Structures are given as structure tokens and as C-alpha cells.
Amino acid sequence: MTDSKYFTTTKKGEIFELKAELNSDKKEKKKEAVKKVIASMTVGKDVSALFPDVVNCMQTDNLELKKLVYLYLMNYAKSQPDMAIMAVNTFVKDCEDPNPLIRALAVRTMGCIRVDKITEYLCEPLRKCLKDEDPYVRKTAAVCVAKLHDINAQLVEDQGFLDTLKDLISDSNPMVVANAVAALSEIAESHPSSNLLDLNPQSINKLLTALNECTEWGQIFILDCLANYTPKDDREAQSICERVTPRLSHANSAVVLSAVKVLMKFMEMLSKDLDYYGTLLKKLAPPLVTLLSAEPELQYVALRNINLIVQKRPEILKHEMKVFFVKYNDPIYVKLEKLDIMIRLASQANIAQVLAELKEYATEVDVDFVRKAVRAIGRCAIKVEQSAERCVSTLLDLIQTKVNYVVQEAIVVIKDIFRKYPNKYESVIATLCENLDSLDEPEARAAMIWIVGEYAERIDNADELLESFLEGFHDESTQVQLQLLTAIVKLFLKKPTETQELVQQVLSLATQDSDNPDLRDRGYIYWRLLSTDPVAAKEVVLAEKPLISEETDLIEPTLLDELICYIGTLASVYHKPPSAFVEGGRGVVHKSLPPRTASSESTESPETAPAGAPSGEQPDVIPTQGDLLGDLLNLDLGPPVGGPPLTTSSVQMGAVDLLGGGLDSLMGDEPEGIGGPNFVAPPAATVPPNLGTSMGSGLSDLFDLTSGVGTLSGSYVAPKAVWLPAMKAKGLEISGTFTRQVGSISMDLQLTNKALQVMTDFAIQFNRNSFGLAPAAPLQVHAPLSPNQTVEISLPLNTVGSVMKMEPLNNLQVAVKNNIDVFYFSTLYPLHILFVEDGKMDRQMFLATWKDIPNENEAQFQIRDCSLNAEAVSSRLQSSNIFTVAKRNVEGQDMLYQSLKLTNGIWVLAELRIQPGNPSFTDLELSLKCRAPEVSQHVYQAYETILKN
């Protein structure tokens, strides 16, 4: 008979009868009674009153009965903690039972009883089980440590269980190793700062050895652990890849995806020139293809992961297009995902195949799928230029079918094709206009209106067509209303005499009868433009449009890199980092791919080098390595915060004392709370931001600028130079210079629009740099920048941004965004903008520091043909915060002893010898001493710049 009998009962005094049966002398009766208790517990009845009677049944050799009692205990221990203590002795005894199954059962149950009172009694039995001779007991005990850590972390650390767990990684049994890794990973996730899994080549070797003999779940734990390791060089990465590759042929899809994750991560470190790199690419395709023959739910998970892999390395699956063709019985969610990947893999080589397939899909019955297929045809046209003509004719064939939703989707994508290939396919406009009446969806109506407005000069009855839309203006969606307003203004600018009434009608509808602020604002702007300067209106409204790009839905590169590290997890299905959907953020660590080796840049950006890499010439492009570009493409700069937060990859780049142990560490010498992680930079006008960062004595003397502070005239300002020529930035020219006035650093910019269209939505961001320079406020360009207009802006800076040593030291890489694109340039800032106002040392301190700095840190320089005497030199340098501590005259030569301090707390000491030469010019000899000698050359350049200009 089945166990279902335990769930049916007709008795009234059930608890009472169960109590009697539990205390029966017959073993069989006891077992039956416990089963009935568990059955009642399972369906939600409260049987906690039987606690003492059930616990009495623990004293048995029968394994089945013991399991049932332990199950009951786990459920009720929390609500009956005092009673649960009765069971402790039995646990301790069971942990020494000769049967390993019972020892393991006892230790497993102990881990599941989440009662503080009991926990401390369980430490001794657990310690014994961790060193048990039977591997089954050891592997169970390893997991128990993780459970115990969740209940009482401090206890686990005090008892030294973590060290025992680390020792188990070297265990001879692969399952014990896998469980130890799983337990340590679990604990490490809840304590991201602790370095529990201290992986090194030796421990990695042990894990790889255990990998071959583990169960499938053990393999997943080990592979996930390997994915968190960063090999020291490409040779180690290759050797790990070679030993992980056999896992690709495993029957369990989770093992396959975990292996793919490890390989995708370590491929970053392999040079593309290696033969092995090519072999690895070939080996990765078959297992991914095999995943697509599983059941639909698994296929979907595999497809979501493949979507990420194809974006990162399309070459892996470029020859596997056919497996992504849709089957008639695929569920809709699989079909849509396959369609997405087909577009990503579309290329000139396979486009004919893809288009034939997509045309087939467009005649299916599933409306959502058909829509997506029609869109896909448009995306192919935009992606593969050679196929555009064929795509357009395919779309026209589909329009001839007169199926309403097909026609509407086709019109939406043809609008994009017009944007991508202007003046090429406009002959089809007549066909589109025939279908005007059947359009009922906002997006299709808006697309059609855009086409009519954009090509009004080619459509004879454009005014009639637009007027027909105008009749129900207030019933249209906002998207259509905005498009209609713009289209009629375009029409008016192209045919002013015939459409004056129409434009007045739409402007009054938009401004007087509408309550939508966007529509009203746009209406007023057009009205004022047309009434004040029709020529300007023409330049604005009929400006040349930028071409649209092929892949608008690619995942942003830094997010993609992070998601690659989460292949095979929920994050890879949602395409969101765990922090976006894990509540409370416990245990969420941002991961990133290992830094690339010099010869293995990603396919997307062959021209970029890793950040801070020494290069012969000035880099024009900000490297992908610095996470600066993380959110630049959707840059929405809020209020100024004291510098961007340190991103994860900065840890690998080493944001430590990059200038090599200065007098104070690079970001040191700051009281807590100033320049600390939560410091919000004040507006430029109030407190000079750099005073705050450099002061060691807190806020008390923030405004005490008297001790040797430069005059208010400020330091020397270099003339503006062109930093970004218009040719490289689609018409935007940026010139600029840096200034320091009364403790505030600013970047004085001059933006000139040499393009034919208006520029708006400006924003700026800096890459990490040697001194943490960062904008202290957003880039404020108050009005749109019209063609041939120039605007001057002073951008306040602070020095609380992220730090990374640059080459050269004063290199600053900048990204500027506007409505057209994001542009990158780099410039060198003069070091004297970082000389702070409290840089005057007293004499004793100067003498002691000069002696204390080793002689090999002294650098000698010459400044020739200076036209100033000692007084003038001293006063000019003082205005740039280089302070004279003492002055002597030795054998007719003036000697100035000077000190200056940088914003990050590094002091530089100088001895300046002034030798009178011919009457009007003198030569200066400069000796500089500093604990960070890399700075000396740049300080000398600052001296020369200040004294000669």
C-alpha cells in the first residue's frame, strides 16, 4: 500500500491516539505513528504537542525512523527551543555512531536546527565530523559549516572551522573538495570583504584534479569558483582552459554553461594570434548548439546566454546560423529569442538565407512573432548594407499582402531604412502613402507622418495627407502629435506659400488647446523660431540628420563584461546584474573580466589600449578598460558628487599609492569626512574644493588663507589650445585651458559648433587619473548651441575622483557627450593647478625634511634666459603657490629655498640658484627633492612655464 493512507483520517482524538502509538513498545507501530505525525505536519496541522514523544523515538537503530524524527525536529525546533535541547545528547551520540550514514544524518540535521541555544553544543561533534575518516561524513560536515555560519558567523570564526574548511580543499576525495568549495563560496558571498577563497596556482591545481571525478553539482561549484580566479598570465589561463574544456561535453547543461563561463572569462587573457585561441573558439560552438536540442525551458535559458556570448564574441557561432532557425512547434518565447540571435549573427555571407527565412516567418499566424520578423528584416537592411535593396523589396512584397499589422511594422522599419540610406529608396514612398488609411497604431502613424514631412517636396499632396491627420489631433497619442507638429513645420519651410494656414492651425492646437507640456514647449519653440528668424528655423528643423547605427539594442560593454561573469545564473537570463534584482544587495559583488593582454583587445575596439598603458603618442580614445564609459552613452549627470565611485576594475588596476610611496600616500593626509567616500563637493563658489582635500588639520582653518597664501590674482593661466578639432567630433570643436583661483581649480572651455545642426544635452566625464581630478558640477550649456555659435564655460573641478597612475603623469582623458555622439580626447594639465595654498613649510621642518629625503631622489634642472631678479622670481612663483621659505646670498648668487604641496598631500622642496648672466637675462639652477620623484619633471615644467610667461 502507498503512503497516502497516512494523510487520510476519520478519528476524532487524533493527537491523543498518536501520542499512545508513539509510546508503543512495538517498533513497527512507532514507525507508523511517526509517519502519520510527519503527514499531518506536511499538510499544515500543528503537531508540536507531540514533541517530547517524537524525540523519545530518536533512540533507535532504524535509519528510516531516525530520518523521520530528524525531519520533525528540524520543523519544530524553532518554535520549541527549550524542548529541542533534549535532543542534543542524541545528536552528540549519533555523531559517534559506527554507521557513517547516521553520523552524516546527525550532522546534517544539526546544521538545519536554527536555534542559538543549541548551536554551541554542536561545535564539538561538528569538529569531529570534519575530520571523520569517511568522506561522506566530511562532505556533509563541510556544508554544515556554511549553515552554521549563517546562524552565528562569529562562533564559526572563533571555533576555527573556516581554516578546517580551507584544509578540506586539499582532501583526497573530490566530493569533499566540491562541498568545501561550495561552503566557502557561500560564506564568501555573504562577506565580500573576507578573502576566504584565497586561490593560488596550487589550490587551483587541486580543484582541477577533483573536477574530473565529482558529481555534476560538485563540478558546477568548482567551475564557479574557478571563474572567480584571475590567472597571473596568459600561460596559466591557457592551461586552466585546456583542463576545463572536457566539461563542455557533459550531459548536464548547467555544467556546460559553467564551463563556458570559465572559458569566456579566461579567453580575455589569451592572445588572438595563438593557435589555441582559434581551437578554443571552435570547441565552444558544438556544446552551445547541443543545448538547443533540450526541452523549451532549457533552450530559452541557453538562448539568453548565447545572446550574451554572441555580443561578446560573434565569431564563436558565425557558422551556426541554421540552428537558430525557428521550428514550427517552438514556444513563442523561444522563437523571439532565436530571432534576436539570427539578427546578431547576420552577415554578408549568410544574409540571403536569413532573409528567405524571415520572409517565411512573416506569413505565420502568431501576431507577435510576425511583427518581430518584419522588424528583423529592417534590422538586417541596416546591419548589412549589401542586403538593403533585397530587404526593401521583401518589405514591399509584405506590404502588398495588405495584412494590417504586417503593413504597420513594415512602415516603421522602412522609416529607419530611409534614415540609414538617405536618397536611395525614396521611390517606394508612393506605395506607402496608399496604405495611409489602414494605419491605426501610434508608432506606425508617427513613422508615416515622419516620412511625409521629411520628403514633403517629393509628395505632391503632402499637405492634404498631413491635414487628414490633423482632424483628430486631440485623439492622437503624444508620439503622433509631436511628429505631426514637426512634420507640418518641415512642410511649411519647404512650401511656405501653400501651407501657411496649416502651420498656424497646428501651432495653435499644440500651444493653446493642449495640456501636454512637451507638446506645448515644442510648439512655442517652433512658433518663436518661425516668427523671429525663418532662416535659423530652416537650419534647425531641416538640419542634416545623423545616420542611425546598426545595433541599437546591444548591451552596454561594461555591463556585458559583468554579465559574461554571470553566465549560467539568473543574471544571464534577465540580462541585468544581480544588484538589480537581489533584494538588500547581500552578497552581491560586482564582477568584471580580467584585464586583457596586450595583443587580445576585444573585437569591438581594436584601436584601444588598456588604460594608463604607456604609449608613444597621445591616446585619442579613452580605453575601454577604464570603466569611465560605463554609463556614458546614457549619461544623465545628476548633481555633482565628489568624483565617480571606484569601479570594480579599479581594484585590479591598483588604486594604491601610485606615485610610489610619497611623503603622504596619494589620497592620504585627509581627515575622515573630507574627500572621503561620501564627500559631496561644494559648489565652486562657496569653498575652494581643493583646500578641503589637502588639509591635515580638519575644517578649523578652512578659511585661514593667510599663512603664505598666493595673492588673489591667481596662478599663471596658459592660453586656450584646441583639444578636440571639429573634424574628429562631427563638428564640435573644444578649446580650453586650466586655471586655479583662490583654491578653486577650473577647466575653462570654449565650445564651437561647426556642424549644420544644433547641439544640446552636453555632459562631461573624466577617466581616472593620477590626481583624482573630476568635475565638481555638471557641464552647464544653458542654451542649445546653434551652428557657428561659440560658448565659453568654466567647469569647476575637484580632486576627489578615482585615482589611477597615468602615463605621462599629468595626462587627463575626457569624454564629452552631446545629442549627436560621445567624443573622447586627452590633454595634459599643468601641474601648478594642483599646488595648494597651504604649501609653505616652516624653516625647521624644511631643513629636517630636506635631510630626510634620500639624495637619489634629488633632480637637477636648468632654466635658461630668465629675465627676472630674485625678488621678481619669488613673487611670481608665490602667486602660483610656490612659497619661499628662506633666502640667502652666497658669493654674489641669490639662493631661494622653496616649498610647495600638491592636492594629494605630496610635498616638493626646491633650491633655486640665480646666477646673474648678461645684464638682462639670468640662468637659474633648480634642485628638486620629493618622496615621489616621478613628480619632479612636471614641477620643473611648471617652474619654467610660470617664470617665462
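Presented here is an overview of the structure given in this document. (Residues numbered from 1 in each chain as written. Predicted model: local features only at pLDDT ≥ 70, side-chain atom pairs only at ≥ 80, totals over all residues. Heavy atoms only, no water.)

**With respect to the overall build of the chain**
- Scanning the chain from N- to C-terminus turns up 38 helices and 13 strands.
- Classification of the 949 residues of the chain by burial places 53% in the buried group. (Helix = DSSP H or I, 4+ residues; strand = E, 2+ residues; numbered from the N terminus. Buried < 20%, exposed > 50% of the residue type's maximum accessible area, 1.4 Å probe, protein only.)

**Notes on the side chain of Lys338**
- Note that Lys338 resides in helix α20 (residues 332-345).
- At a separation of 2.9 Å, a polar atom in the side chain of Lys338 contacts the side chain of Asp330.
- Once residues within four sequence positions are removed from consideration, Lys338 is found in contact with Gln299, Leu303, Val323, Phe324, Phe325, Val326, Lys327 and Asp330. (Polar contact = N/O pair within 3.5 Å; in protein donor to acceptor, adjacent residues only side chain to side chain. Contact = heavy atoms within 4.5 Å.)

**Observations regarding the packing of α20 against helix α21 (residues 351-361)**
- Relative to each other, α20 and α21 sit at 155°, their axes nearing to 11 Å. On the basis of the axis angle, α20 is roughly antiparallel to α21. For the pair α20 and α21, the sense of crossing is left-handed. Taken together, the residues of α21 that come into contact with α20 (itself represented by Leu339, Met342 and Ile343) are Val354, Glu357, Leu358 and Tyr361.
- When the residues that make up the contact of α20 with α21 are grouped by side-chain class, the tally is six nonpolar, no polar and one charged. (Axes fitted to C-alpha atoms, helices over the stretch in contact; angles between N-to-C directions. Parallel < 35°, antiparallel > 145°, perpendicular 65-115°, else oblique. Left-handed = near helix turned anticlockwise from the far one by under 90°. Nonpolar A, V, L, I, M, F, W, Y, C, P; charged D, E, K, R; others polar.)

**A look at the nonpolar core**
- Tyr72, Leu358 and Phe418 are the most contacted members of the largest nonpolar core, which totals 212 residues.
- The contacts of Leu358, once residues within four sequence positions are left out, are Leu339, Met342, Ile343, Ala373, Ala376, Ile377 and Cys380.
- Residues Ile734, Leu912, Ile946 and Leu947 belong to the second largest nonpolar core, which totals 65 residues. (Core = buried A, V, L, I, M, F, W, Y, C linked by side-chain atoms within 4.5 Å.)

**Topic: unusual backbone geometry**
- That bond from Glu807 to Pro808 is cis: its omega, -5°, falls within 30 degrees of zero.
- For Pro808, the position within the fold is in the loop between β6 (790-798) and β7 (811-817).
- Unlike most non-glycine residues, Val742 shows phi in positive territory, near 45°.
- On the basis of relative accessibility, which here comes to 40%, the residue Val742 falls in the partly exposed class.
- In this structure, Asn788 takes a positive phi of about 65° despite not being glycine.

**With respect to the packing of aromatic side chains**
- All told, the structure shown has twelve aromatic pairs when counted by the stated rule.
- Consider the rings of Tyr361 and Phe369, whose centres lie 5.1 Å apart with planes at 40°: the pair is tilted. Each of the two residues, Tyr361 as well as Phe369, counts as buried.
- Between Trp723 and Phe825, the ring centres sit 6.0 Å apart and the planes meet at 25°, which makes this aromatic pair stacked. Of the two residues, Trp723 is situated in strand β1 (residues 721-724) and Phe825 in strand β8 (residues 822-828); the sequence distance between them amounts to 102 residues.
- The class of Trp723 is buried, set by a relative accessible area of 12%.
- Judged by its relative accessible area of 3%, Phe825 falls in the buried class.
- An aromatic cluster is defined as three or more aromatic residues linked by ring pairs; in this entry it consists of Trp723, Phe738, Phe825 and Tyr829.
- A cation over a ring is seen here: Lys335 above Phe369, with NZ or CZ 5.2 Å from the ring centre. (Phe/Tyr/Trp six-rings, centres within 6.5 Å; stacked < 30°, edge-to-face > 60°. Lys NZ or Arg CZ within 6 Å of the ring centre and 35° of its normal.)

**Thoughts on the sheet that holds strand β3 (residues 744-753)**
- Ordered by their spatial adjacency, five strands build an open sheet running β1-β2-β3-β6-β5, and the pairing between neighbours is antiparallel. The open sheet has two edge strands, β1 and β5 (774-775), and neither has a second partner.
- Of the strand pairs in this sheet, β3 and β6 are connected by eight bridges, and their pairing is antiparallel. If you follow Leu749 over to β6, its bridge partner there is Ile793. (Pairing = 2+ DSSP bridges.)

**Remarks on the pairing of β7**
- The buried count for β7 comes to seven of seven residues, which makes it a mostly enclosed element.
- Of the two faces of β7, both are covered, the one formed by Asn811, Gln813, Ala815 and Lys817 as well as the one formed by Leu812, Val814 and Val816.
- Two elements, strand β4 (residues 763-766) and β7, share four bridges in a ladder whose sense is antiparallel. Directly across from Ala763, in β7, lies its bridge partner Lys817.
- Strand direction decides the pairing type here: β7 and β8, joined by seven bridges, are antiparallel. If you follow Ala815 over to β8, its bridge partner there is Tyr824.
- Taken together, β7 and the strand that follows it, β8, pair antiparallel across an intervening segment of four residues.

**Some details on the sheet that holds β4**
- Within the open sheet, the three strands sit side by side as β4-β7-β8. Their pairing is antiparallel. The open sheet terminates on both sides in strands that have one partner only, identified here as β4 and β8. This sheet shows a mean twist of 25° between the axes of neighbouring strands, independent of strand direction.

**Focus: the pattern of salt bridges**
- Scanning the model with the defined rule gives 39 salt bridges in all.
- Arg344 is the salt-bridge partner of Asp340, the closest N and O atoms lying 3.6 Å from each other. Taken as a pair, Asp340 and Arg344 lie in helix α20 at a separation of four residues, close to a single helical turn. Residue Asp340 shares its accessibility class with Arg344, and that shared class is buried.
- One network of salt bridges, with partners in common, ties together Arg371, Arg375, Glu409, Glu441 and Glu443. (Salt bridge = Lys/Arg side-chain N within 4 Å of Asp/Glu carboxyl O.)

**So, helix α1 (residues 14-22)**
- When we look at burial in α1, the residues that qualify are Leu18, Glu21 and Leu22. Projected down its long axis, α1 shows its buried positions confined to an angular sector of 100°, all on one face. Exposed and oriented more than 90 degrees from the buried face of α1 are Phe16 and Ala20.
- Next to the buried residues of α1 lie α2 (27-42) and α3 (51-56). (Arc of directions from axis to C-beta.)

**Remarks on the side chain of Ser936**
- Topologically, Ser936 is positioned in helix α38 (residues 936-948).
- With sequence-adjacent residues up to four places away left out, Ser936 is seen in contact with Ala859, Phe861, Leu928 and Cys930.

**Some remarks on the state of the cysteines**
- In total, this model carries zero disulfides according to the counting rule given.
- Looking at Cys123, it has no disulfide partner, and the nearest cysteine sulfur is the one in Cys144, 9.6 Å off.
- Owing to a relative accessible area of 3%, Cys123 belongs among the buried residues under this scheme. (Disulfide = S-S within 2.5 Å.)

**Digging into helix α19 (residues 296-312)**
- Look at α19: 24 Å from first C-alpha to last across 17 residues, which is about the 24 Å you get at 1.5 Å a residue.
- Of all the 17 residues making up α19, twelve are buried; the element is thus mostly covered by neighbouring parts of the structure. (Expected span 1.5 Å × (residues − 1).)

**Things to note about a negative patch on the surface**
- A contiguous patch of negative charge on the surface is contributed by Glu464, Glu467, Glu471 and Glu501.
- Under the relative-accessibility criterion, Glu464 is labelled exposed at 53%. (Patch = residues over 30% accessible without salt bridge, like charges linked within 9 Å, V, L, I, M, F, W, Y side chains within 5 Å. Areas by Shrake-Rupley, 256 points an atom, 1.4 Å probe, with all protein chains shown as cover. Lys, Arg positive; Asp, Glu negative; His and termini not counted. Charge placed at Lys NZ, Arg CZ, Asp CG, Glu CD.)

**Some words on the environment of Pro135**
- With respect to the element layout, Pro135 can be found in helix α10 (residues 135-151).
- Separated by 40 residues in the primary sequence, Pro135 and Met175 place their C-alpha atoms 7.8 Å from one another.
- Setting aside residues no more than four positions away along its own chain, Pro135 makes contact with Asn173 and Val176.

**Examining the packing of helix α12 (residues 161-168) against helix α13 (residues 174-190)**
- For the pair α12 and α13, the least separation of the axes is 8 Å and the interaxial angle reads 140°. The angle between the axes of α12 and α13 places the two elements in the oblique class. At the point where α12 passes α13, the crossing takes the left-handed sense. The residues of α13 that touch α12, namely those facing Leu162, Leu165, Lys166 and Leu168, are Val176, Val177, Ala180, Ala183, Leu184 and Ile187.

**Re the pairing of strand β2 (residues 732-741)**
- With respect to burial, β2 is a largely interior element, nine of its ten residues being buried.
- Where β1 and β2 come together, three bridges link them in antiparallel fashion. Bridge pairing links Ala721 to Gly736 in β2.
- In this structure, β2 lies alongside β3, joined through ten bridges in antiparallel fashion. In the strand pairing of β3, Gln741 is matched with Ser744.
- Connecting β2 to the antiparallel partner β3 that follows it, the hairpin turn spans two residues, and Val742 within it adopts a positive phi of roughly 45°.

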